[in-house]
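Listed here are the chains, written in short residue letters.
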Amino acid sequence: MKALMIPILVCFLPFYIMAQKNVIPASRIPALNLSLPDGAKQDKRFLITLAAATLLESEVQDPKINLTDVEVYFLPPASQSGFNGDVLLNNLEKSGFQILPTKDEKMAWLMKGATTFLIYFSMDKSETSFYLAKSNMPPKAQNQGTTAPTPAPNSQAGAMTVPAHIPPLPPGRSATTPSSVPTQPQSSAPIQTAPTEKPSPTVQKPSSPPPTFSGYQFSTSNFDDGWIASIQPDGVVVQKGETKVYLFFVLPYQSENFSGTGVMDRDYYWDNHITPLFKTSSKSYQDGGEFISSLQPKYVEGWGQDPQTGQRRFIGMFLTVSPNAAMLTVASSSDEANFRQTFPKAADRWDSDLLRMSSYNKFAVGPNDLNGTWQSGGSQMTQWYNTVTGAYAGATFAASSATFSFSGNTYSSIHNGATGAVGAMNTFQQEYKGNATVTNWSIIMTNRYQGKTQQFDAHFQAVRGGRLLYLNDRSGGEYTLVKIK
């Protein structure tokens with residue numbers, strides 16, 4: 001009798017993470033003239049780089065400082081490689097860098113002539129993380145110091161000490177405060193409810209878009225259900241009548257801060273991010289009697305103030321966590337009754353009304369917004385086992401990537417992929433070139449498969465410092481692309 005084979009899905013990487021290709025061996029960091037131990041790797045994946053950039057920016061308090069060229073490296077653990085904090089600092093000093101400490105002993109500023117970097121160095125049992133970013137100027141408050149960070153008691157020799165918690169959300173990085181989201185009349189507006197389906201937007205061109213996102217035509221969307229989305233320096237604000245929802249950009253998440261420490265992540269983010277911003281005066285939960293902390297929803301609510309007007313508001317926060325990243329969705333209403341009616345399932349662990357609001361992070365595409373190169377990629381592996389013997393029977397793997405380049409009214413795209421059993425992969429590549437016609441919510445491309453013209457649904461999603469481009473070819477093909485040049 002033939003043994004049945006069943007697949008077990010073991011790994012699925014997000015659409016914009018390039019497996020293998022964007023994690024490469026690294027022997028040195030050219031920008032620092034720093035040699036790395038054997039086994040070190042540089043991680044160029046977008047989400048990882050974005051999380052590192054967010055963590056580094058949390059150290060910056062001067063709005064004039066700009067961090068660019070973020071690089072992420074992962075090293076073998078210090079116990080294996082011998083590369084600890086002392087080795088790092090000695091090598092940097094030999095390369096001519098002045099090392100300026102910060103309040104966070106995992107971070108330090110490096111200065112050499114007119115060049116300044118901010119670095120993050122964390123030694124864990126399984127690996128060592130090393131992030132760096134180039135700064136356009138040195139930090140004013142610390143530009144006279146030259147002393148290297150001092151290890152805390154009981155820490156490993158030369159290690160930059162693990163802080164008790166990550167810093168709170170930094171202030172807006174723009175020198176110009178953007179205008180507030182338009183407020184609709186309250187007298188005759190009925191109480192609204194959270195959306196059950198993805199909204200369909202119309203377009204509103206802002207008179208002066210926030211400078212953080214200059215270079216894109218649209219920073220505001222009017223949706224046909226009455227919600228208005230507007231990009232702000234630290235996230236997207238969605239408003240309908242007197243109700244506002246804040247979709248904060250990704251924040252750093254360090255799991256070691258909440259493992260065995262007695263601190264719950266939902267409390268940390270409420271206390272360090274929501275309380276300072278909304279000046280909350282109360283704090284409560286909707287756990288439904290659940291006493292096991294790991295099964296409680298990552299939801300907190302209470303009374304606070306509107307950050308812009310100072311009016312008393314009822315606030316609800318839902319925290320979503322992915323590797324090294326935290327996403328906060330916060331709703332604000334004039335009173336608790338309106339909040340409950342608008343978001344009746346706000347605290348639902350599996351189907352929160354607040355999480356649905358992320359669909360409003362959706363902005364139109366202008367005709368000149370696409371110029372450049374955009375890329376996406378992903379992979380999936382399936383392992384096979386014999387249902388009779390339980391023996392391992394091999395693995396199959398599928399990976400794909402897409403690169404779209406736009407220039408004026410023309411485009412080119414390259415689609416690569418590999419499928420099959422590990423060790424015997426079949427690969428493919430397709431390339432198209434033609435004309436592209438851009439409207440607010442679609443892109444028409446000529447000379448696609450078999451020479452046909454194809455229409456893509458298109459929109460932008462705002463992220464910290466830029467946009468992601470979403471394309472749907474209406475035939476099952478979806479792409480979420482990040483601009484690489």
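### Observations concerning the overall build of the chain
Move 1: For the chain, the helix and strand inventory stands at 6 helices and 27 strands.
Move 2: In the chain, which comprises 485 residues, the share counted as buried stands at 48%.
Move 3: Considering only intrachain contacts with a sequence separation of at least 6, the fraction spanning at least 24 residues in the chain is 58%.
Move 4: When the accessible surface of the chain is summed, it comes to about 23,600 Å², and 52% of that surface belongs to carbon and sulfur atoms.

### Re the sheet that holds strand β6 (residues 67–75)
Move 1: Pairing in this open sheet of 7 strands is antiparallel, and the strands run β2-β5-β6-β10-β9-β8-β7 from one edge to the other. Looking at the sheet topology across the chains shown, the edges are occupied by β2 (23–25) and β7 (98–101). In this sheet, adjacent strand axes meet at a mean angle of 25° when their direction is disregarded.
Move 2: Where β6 lies against strand β10 (residues 128–135), 7 bridges are found, and the strand directions are antiparallel. Opposite Y73, over in β10, you have F130 as the bridge partner.
Move 3: Of the strands in this sheet, β7, β8 (107–112), β9 (115–123) and β10 are in contact with helix α3 (residues 85–94), which crosses β9 at around 165°.

### What to know about helix α4 (residues 265–278)
Move 1: For α4, spanning 14 residues, the distance from its first C-alpha to its last is 18 Å, which sits close to the expected 20 Å at 1.5 Å a residue.
Move 2: The sharpest bend along α4 reaches about 35° and sits at D271.
Move 3: Looking at α4, one finds that the buried residues are D265, R266, D267, Y268, Y269, W270, N272, H273, I274 and F278.
Move 4: Close packing links the buried residues of α4 with β15 (243–248), β16 (251–252), β17 (299–305), β18 (312–322) and β19 (325–333).

### Considerations on a nonpolar patch on the surface
Move 1: A surface patch of nonpolar side chains, about 320 Å² in accessible area, is lined by F291, I292 and L295.
Move 2: For I292, the position within the fold is in the loop between α4 and β17.
Move 3: A relative accessible area of 37% means that I292 is categorised as partly exposed.

### Here's the deal with the pairing of strand β12 (residues 220–223)
Move 1: The pairing of β12 with strand β13 (residues 228–232) spans 3 bridges and is classified as antiparallel. Within β13, the position partnered with T220 by the bridge is S230.

### Brief notes about α3
Move 1: Taken together, the buried positions of α3 are occupied by G85, L88, L89 and L92. The buried residues of α3 all sit within an arc of 90° when viewed along its axis, so they share a single face.
Move 2: Taken from the residues just after α3, G96 is the one with a positive phi, measuring 95°.

### Some points on the environment of L100
Move 1: Assignment of secondary structure puts L100 in strand β7.
Move 2: Judged by its relative accessible area of 0%, L100 is buried.
Move 3: Considered as a pair, L100 and M111 are 11 residues apart in the sequence and their alpha carbons are 7.8 Å apart.

### Focus: the confidence of the model for the chain
Move 1: Per-residue pLDDT for the chain averages 78, and the proportion of residues at 70 or more is 75%.
Move 2: Across residues 142–193, where pLDDT falls below 50, the model places 117 contacts with residues more than four positions away in sequence or in other chains.
Move 3: Predicted confidence is poor over residues 204–213, with pLDDT under 50, and the contacts of this stretch with residues over four places away or in other chains come to 26 contacts.

### Quick word on the pairing of β17
Move 1: Counting buried positions over the 7 residues of β17 gives 6, a clear majority of the element.
Move 2: As defined by bridge partners, β17 adjoins β18 across 7 bridges and the pair is classed as antiparallel. Across the sheet, residue G302 finds its bridge partner in β18, namely I315.
Move 3: The hairpin turn running from β17 into β18, its antiparallel successor, is 6 residues long, and G310 in that turn takes a positive phi close to 80°.

### Examining empty space enclosed by the protein
Move 1: This structure, assessed with the given rule, holds 2 cavities of 30 Å³ or more.
Move 2: Considering the residues around the second largest cavity, the lining is formed by P367, L370, N371, F406, G408, A436 and V438.
Move 3: In terms of residue class, the lining of the second largest cavity is made up of 5 nonpolar, 2 polar and no charged.

### Describing the nonpolar core
Move 1: Among the nonpolar cores identified, the biggest contains 43 residues, and V236, V238, F343, F406, I443, L469 and L471 are the most heavily contacted of them.
Move 2: The greatest single-element share of this core, amounting to 4 residues, is contributed by strand β25 (residues 454–463).

### Considering unusual backbone geometry
Move 1: Here the phi dihedral of N33 falls at roughly 50°; this positive angle occurs in a residue that is not glycine.
Move 2: Relative to the assigned elements, N33 resides in the loop between β3 (28–29) and β4 (34–35).
Move 3: Classification of N33 as partly exposed rests on a relative accessible area of 46%.
Move 4: The phi angle at N447 is positive, at roughly 60°, despite the residue not being glycine.

Rules used in this analysis
- Residues numbered from 1 in each chain as written.
- Predicted model: local features only at pLDDT ≥ 70, side-chain atom pairs only at ≥ 80, totals over all residues.
- Heavy atoms only, no water.
- Helix = DSSP H or I, 4+ residues; strand = E, 2+ residues; numbered from the N terminus.
- Buried < 20%, exposed > 50% of the residue type's maximum accessible area, 1.4 Å probe, protein only.
- Contact = heavy atoms within 4.5 Å.
- Areas by Shrake-Rupley, 256 points an atom, 1.4 Å probe, with all protein chains shown as cover.
- Pairing = 2+ DSSP bridges.
- Axes fitted to C-alpha atoms, helices over the stretch in contact; angles between N-to-C directions.
- Expected span 1.5 Å × (residues − 1).
- Bend = angle between axes of the 7 residues up to and from the residue.
- Patch = residues over 30% accessible without salt bridge, like charges linked within 9 Å, V, L, I, M, F, W, Y side chains within 5 Å.
- Salt bridge = Lys/Arg side-chain N within 4 Å of Asp/Glu carboxyl O.
- Arc of directions from axis to C-beta.
- pLDDT = per-residue confidence, 0-100.
- 1 Å grid on protein atoms, 1.4 Å probe; cavity = no way out; pocket = protein on both sides within 12 Å on 5 of 7 lines; lining within 4 Å.
- Points joined across faces, edges and corners; volume = space filled by probe spheres on them.
- Nonpolar A, V, L, I, M, F, W, Y, C, P; charged D, E, K, R; others polar.
- Core = buried A, V, L, I, M, F, W, Y, C linked by side-chain atoms within 4.5 Å.

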